[in-house]
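Letter by letter, the chains look like this.
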Amino acid sequence: MNKKTLFMVMAVILIGVFAITGCGQQTEKSPAGTDSDVIKIGVYEPLTGASAAGGQMTLEGIKLANEMYPEVLGKKIELVIEDNKTDKTEAANAVSRLIEKHEVSAIIGSYGSSLSMGGGPVARDAGVPVVGCSPTNPLVTLDNEYYFRVCFIDPFQGKVVAKYAYESLGAKTAAIIMDASNDYSVGLSNFFKKAFIEFTGDENCIVAELKYKTGDQDFTGQLTSIKELKPDVVFAPGNYGESAILIKQARELGIESVFMGGDTWEAPEFLDIGEAAVEGAIFSTHYTEEAPVTEVSGEFLKAFKEKYSGNEANAFAALGFDAYLVVRDAIERAGSADPQAIRDALAETKGFKGATGIITLDENGDAEKSAVIKKVEGGKFVFVGVVDPE
Amino acid sequence: MNFQLFLQNLANGISLGSLYALIAIGYTMVYGILRFINFAHGEIIMLATYFVYFGILIFSMPWWLAFIFSIILTSLLGMGIEKVAYKPLRDSPRISILISAIGVSFLIQNLSLVIFGGRPKAFCQPSIFTKMVTFGNVKITSITFITPIIAGILLYFVTYLVNNTKTGMAMRATAKDFDTAKLMGIDIDKIISLTFTLGSALAAVGGIMWGLRYPQIHPFIGTMPGLKCFIAAVVGGIGNIPGAVLGGFMLGIMEIMLVAFLPGLTGYRDAFAFVLLIIILLVRPTGILGEKIAEKV
Amino acid sequence: MWNKKNLYTGISLILFIIFIYWADNNLDPYKMRILILCGIYVILALSLNLVNGFTGLFSLGTAGFMAVGAYTCALLTMSPEMKEMAFFLEPLIWPLNQIQIPFLPALIISGLVSAVIGFLIAFPVLRLKGDYLAIATLGFSEILRVVIINAQSITNGALGLKGIPKYTTVYWSWGLALLTIYLMVNLINSSYGRALRAIREDETAAQVMGINLFYHKITAFTISAFLAGIGGALQGNLIRTVDPTMYVFQLTFQILLIVVLGGIGSITGSVIAAVIITVLMEALRVVESPMTIGPLHIPGISGMRMVVFSLLLMVVILFYQQGFMGQREFSWDWLSRKGRDNEQTIGS
């Protein structure tokens, strides 16, 4: 009896599962199949898991862009959003699902280079173009002609910060503290090091190279050993939460060097958590409010503040916004919703005016655009300058 | 390395170690009486920091009131978790309780992610905890003095409770043998529930101090302290309350010294804690201060 | 009777192979991906069940062994040009940067490397029991991850590997899954398997009966590591990119969920649960997307899936500790009512 019941329970569950998948498919597929007034753009972002924060910020920007520009070629653009759970397997599944089930014409995503690399091969096999918002790891677009991105890449960003440190701050020595478990931080640190050695012409200009791991909270051990070396700058790119605490602890220990980082720092929480300690921190990012790079920047900022009342716009939202616009622009130029045509149009993106600057996609699919340098002053992010690509 | 630098590192180690010690007290108390690892301890810590955050944000409480509010709420939560997730499994194999604890841990983590969102938030930092004290070149924040004092008070309180009160005696009896304790007229349900409530209150205190030192909170904030403090408790001898404090300080100081003296190995810091755990388990499974317990056959 | 059972097994096997062949030709890549993943999770669940369920050693190290397998297989199958491109910070050490071998030997080597590491870890760790063993294996899994993060010139550190060739097909995944099921059934029914179960029920009694505890535990642990390595390698070559953040404790949790749901100590249960959980993982996306039921509009709540899975684990362990199958196995006798009392029959 017992076994029979079990067997029945199993059978019911199995049937239920397949019924759900089946039903879900039917209801979702019918509008796409019959209704040609809709063009679908897929979005895969980490909405849960360790990178949920970044994914949610990016999504805010994408949704905003969709509200402001809901149509292309006289058709409505429908966003299909999938969560990739900060998990590579899930990222690949999400992209596959977007392509096979929702039949999207193009895809936007994902925050986190490793997640983008999970989705990349699936999209390439299916021939559907993807535009990344903020994956800055050079590997993302490498050997994948269907992957593009609207952000600059780590080698450029590392160089920009090094250039600013050397030329504008007159720094001669630097210490590096990197998050060894974060590809972004590792990449940026290495390119900063290379560029800084080149600028100073001094092999020993990097006085210390220390590591930590995402999730660490105590950096006093690393910082104490830096204190004695008194470097001019400390380059410490990483997640803004950890970076803010790191700088706080550095100030408590009496380290007076200038702290520098990358685009991840531009989040209101960086200021909330770091409070007075992060005053004077300098980082590179994608856009600025003070000196709008393009007219779209101003438009984006205004709309963002209206929609997400009072929240400061951040780089990720701006990049999500741009990714959407770049895709929309490519669809317009392609004149169709055919993925292959969109890909070809994307590859020819030149001088597109986005919120984060003028975007030109190079032969790798990476954006060539200028970086903005910002500084924390009086509890706010203040614009200091623009560094152009060579 | 000069002497002052060494002192600075020592101060850093004590600062971190005292936090480990504080959290390890709660861990070891629950283990000492129930003989099982409360996998969800880290998540209880995380929730305590969120309770403070919302206490201040929504009810605009002063910080000290928010702390008390959080400790009370966390204790009730701990009591609830025990009733729902552990009590029904008391007669099941120990592995079932462990799995249940892993389930609770993931449930709280994921639910928090849905409710609170994934973005880190800033934890309040009242100025009395951030005052700087300077000895020559050595700089120490006031919280580095406050945490060990709190750890000391709680250590005394818990030791007194367990060793010198009637409730404590009941706890020790329960720890030895559920059935015998029951026969002696001890209401073991009540004792276990009390242990859990107290353990969660200790976790809340630990969590709040952790938040004050590292003022960033997000749903994953409890995972690492949870694991590290478990290691600290095992190193000191799990179930042994002074041992937990000793283990906490040892782990904190050793971690900082590892980073200070072997900067090339800074990336392996977390691995170090686990290596220490495994070595201790193999060489002296009862920990430094633990007593040998004969295994029941 | 015996022959009849073999006949049934043979027929269902053929039917299953026909189904796989049909699926390969008719299903879209998305559904195929799920089907392939089902096969991989079957292997992983059986790997964990061998130690947790049959030997009674509560190990939480699966993610670490998967990482070893995936990295080994990826480094052996990637083309030298791809490796040169991927390792742009620090070049890959010789001779790994020159090697490229076919999938089958790479898979076997991945399993073996993982098994060797499992064997080495088993020596110290298996002297522990219960929750200590759980924490120690979890610790080792984390240590492996930290080593992978830091060994830049072998694993490319946090940057991960990219451009791993796509070798994993449904034939590989289900072929190996079926092979694993076959091996497990034979293993469990052998004298070795009976010894394992004796250890699970009562270590001391088993020892008194003359069972060499350490030998049996260590082989079970090593075989489990081997299988986890294979599973990891298959998964790596399916996703075609690996990095250290994939192998966190969450991954072990997913596999643990499968084992618990299916029944700790049941091969049949693990297989069924692996398929159900993998499909559910995708099907439950419905919970997260916005729904419109009549006039009611429910906004999608992302993250609900993981909440549902955590709840599922808790409900099973609290109210239905046996899972689907307890320690029972599927048998053709189920259909004929005859072997109803014979709880431990394993017919295949």
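(A) Geometry of the overall build of chain C. A count of helices and strands for chain C gives 16 helices and four strands. Against the globule reference of 20 Å for 348 residues, chain C gives a C-alpha radius of gyration of 21 Å, in line with a compact fold. Here the C-alpha coordinates of chain C stretch approximately 65 × 65 × 40 Å along the principal axes. With 348 residues in all, chain C has 55% of them scored as buried. A fraction of 78% describes how many contacts in chain C between residues 6 or more apart in sequence connect residues 24 or more apart.

(B) Fine view of the overall build of chain A. Helices and strands together make up the secondary structure of chain A, namely 12 helices and 16 strands. Sequence-distant contacts in chain A: of pairs separated by 6 or more residues, those separated by 24 or more amount to 68%.

(C) Representation of the sheet that holds strand 6 (residues 147-149) of chain A within the structure. Residue and element names in this part refer to chain A. Taken in spatial order, the six strands line up as 2-3-1-4-5-6 in an open sheet, and their pairing is mixed. Pairing within the sheet leaves two strands with one partner each, and these edge strands are strand 2 (71-72) and strand 6. When strand 4 (residues 106-108) meets strand 5 (residues 130-132), the two strands line up parallel, connected through two bridges. Its bridge partner being in strand 5, Ile-107 is matched across the sheet by Val-130. In the packing of helix 3 (residues 88-100) onto the sheet, the strands contacted are strand 1 (38-45), strand 3 (75-83) and strand 4, and the crossing angle to strand 1 comes to about 175°. Against the sheet, helix 11 (residues 315-334) makes contact with strand 1, strand 2, strand 3, strand 4 and strand 5, and its axis sits at roughly 165° relative to strand 4, the strand it touches most.

(D) Here's a closer look at the interface of chain C and chain A. Each side of the interface is counted separately: chain C has 40 residues, and chain A has 38 residues. Those elements that place two or more of their residues in the side of chain C that touches chain A are helix 2 (29-54), helix 4 (80-86), helix 6 (130-150), helix 11 (213-239), helix 13 (267-283) and helix 14 (285-288) of chain C. The leading source of residues in the side of chain C that touches chain A is helix 13 of chain C, at six residues. Here the side of chain C that touches chain A is built from residues that sort into 22 nonpolar, nine polar and nine charged.

(E) Highlighting the interface of chain B and chain C. Every contact between the two is made by 33 residues of chain B and, on the other side, 32 residues of chain C. Among the secondary structure elements, those contributing two or more residues to the side of chain B that touches chain C are helix 4 (94-116) and helix 11 (269-283) of chain B. A per-element tally of the side of chain B that touches chain C places helix 4 of chain B first, with 15 residues. For the side of chain B that touches chain C, the per-class residue count stands at 25 nonpolar, six polar and two charged.

(F) Summary view of the sheet that holds strand 10 (residues 258-261) of chain A. Residues and elements named next belong to chain A. The seven strands lie next to each other as 8-7-9-10-11-15-16, forming an open sheet whose pairing is mixed. At either margin of the open sheet sits one strand with a lone partner, and together these are strand 8 (206-212) and strand 16 (380-387). Sheet twist, expressed as the average angle between the axes of neighbouring strands with direction ignored, equals 25°. Direction of pairing for strand 10 relative to strand 11 (residues 282-285): parallel, over a ladder of two bridges. Looking at strand 11, one finds that Met-260 is bridged to Ile-282. Sheet contacts for helix 6 (residues 183-200): strand 7 (174-179), strand 8 and strand 9 (233-235); angle to strand 7, the most-contacted strand, approximately 165°.

(G) Here's a closer look at helix 11 of chain B. Taking 1.5 Å per residue, 15 residues should reach 21 Å; helix 11 of chain B reaches 21 Å between its end C-alpha atoms and fits that length. Of the residues making up helix 11 of chain B, those classed as buried are Arg-269, Asp-270, Ala-271, Ala-273, Phe-274, Leu-276, Leu-277, Ile-278, Ile-280 and Leu-281 of chain B. In the core, the buried residues of helix 11 of chain B are packed alongside helix 9 (223-236) and helix 10 (241-261) of chain B together with helix 5 (103-125) and helix 6 of chain C.

(H) How the structure looks around the domain arrangement of chain A. All names here are of chain A. Each domain of chain A was delimited in the assignment, giving domain 1 (36-152 + 297-369) and domain 2 (154-285). In this structure, domain 1 and domain 2 have C-alpha centres spaced 29 Å apart. Counting residues at the interface gives nine residues for domain 1, matched by 12 residues for domain 2.

(I) Quick look at unusual backbone geometry. Across the junction of Gly-109 of chain A and Ser-110 of chain A, the peptide omega takes the value 0°, indicating a cis bond. Note on placement: Ser-110 of chain A falls in the loop between strand 4 and helix 4 (113-126). For the bond running from Trp-94 of chain C to Pro-95 of chain C, omega is 5°, close enough to zero to count as cis. Here Pro-95 of chain C is to be found in the loop between helix 4 and helix 5. Of note in the backbone geometry, Thr-86 of chain A takes a positive phi value of approximately 55° without being a glycine. If you trace the backbone, Thr-86 of chain A turns up in the loop between strand 3 and helix 3. On the neighbour-count criterion, Thr-86 of chain A (27 C-beta atoms within 10 Å) is buried. Non-glycine residue Ser-60 of chain B carries a positive phi angle of around 35°. In this structure, Ser-60 of chain B sits in the loop between helix 2 (41-58) and helix 3 (63-86).

(J) Seen up close, the packing of helix 7 (residues 220-227) of chain A against helix 1 (residues 3-34) of chain B. The N-to-C vectors of helix 7 of chain A and helix 1 of chain B enclose an angle of 165°; their axes lie 10 Å apart at closest approach. Between helix 7 of chain A and helix 1 of chain B, the angle falls in the class roughly antiparallel. The two elements helix 7 of chain A and helix 1 of chain B meet at a crossing, and its hand is right-handed. The segment helix 7 of chain A lies against helix 1 of chain B, with Thr-220, Gly-221 and Thr-224 of chain A engaging Leu-5, Gln-8, Asn-9 and Asn-12 of chain B. Among the residues forming the contact of helix 7 of chain A with helix 1 of chain B, the class breakdown is one nonpolar, six polar and no charged.

(K) Up close: the packing of helix 9 of chain B against helix 11 of chain B. Residue and element names in this part refer to chain B. Relative orientation of the contacting elements helix 9 and helix 11 amounts to 30°, with a least axis distance of 10 Å. Taken together, the axes of helix 9 and helix 11 lie roughly parallel to each other. Helix-helix and strand crossings are classified by hand; for helix 9 and helix 11 the assignment is left-handed. Here Lys-228, Ile-231, Val-234 and Val-235 of helix 9 come into contact with helix 11, specifically with Ala-273, Leu-276, Leu-277, Ile-280 and Leu-281. Of the residues belonging to the contact of helix 9 with helix 11, the class tally is eight nonpolar, no polar and one charged.

(L) Seen up close, helix 8 (residues 240-252) of chain A. For helix 8 of chain A, with 13 residues, the first-to-last C-alpha span of 18 Å sits near the 18 Å given by 1.5 Å per residue. The buried count for helix 8 of chain A comes to 13 of 13 residues, which makes it a mostly enclosed element.

(M) Layout of the pairing of strand 16 of chain A. Residues and elements named next belong to chain A. Pairing between strand 15 (residues 371-377) and strand 16: seven bridges, direction antiparallel. Considered in strand 16, the bridge of Ala-371 is made with Val-387. Between the antiparallel neighbours strand 15 and strand 16 lie two residues, among them Gly-378 with a positive phi of about 60°.

Criteria and cut-off values
- Residues numbered from 1 in each chain as written.
- Chains lettered and ligands numbered in written order.
- Predicted model: local features only at pLDDT ≥ 70, side-chain atom pairs only at ≥ 80, totals over all residues.
- Helix = DSSP H or I, 4+ residues; strand = E, 2+ residues; numbered from the N terminus.
- Rg over C-alpha atoms; globule rule 2.2 N^0.38 Å.
- Buried ≥ 20, exposed ≤ 12 C-beta atoms within 10 Å, placed from the backbone.
- Contact = placed C-beta atoms within 7 Å.
- Pairing = 2+ DSSP bridges.
- Axes fitted to C-alpha atoms, helices over the stretch in contact; angles between N-to-C directions.
- Nonpolar A, V, L, I, M, F, W, Y, C, P; charged D, E, K, R; others polar.
- Expected span 1.5 Å × (residues − 1).
- Domains from an automatic or database assignment.
- Parallel < 35°, antiparallel > 145°, perpendicular 65-115°, else oblique.
- Left-handed = near helix turned anticlockwise from the far one by under 90°.

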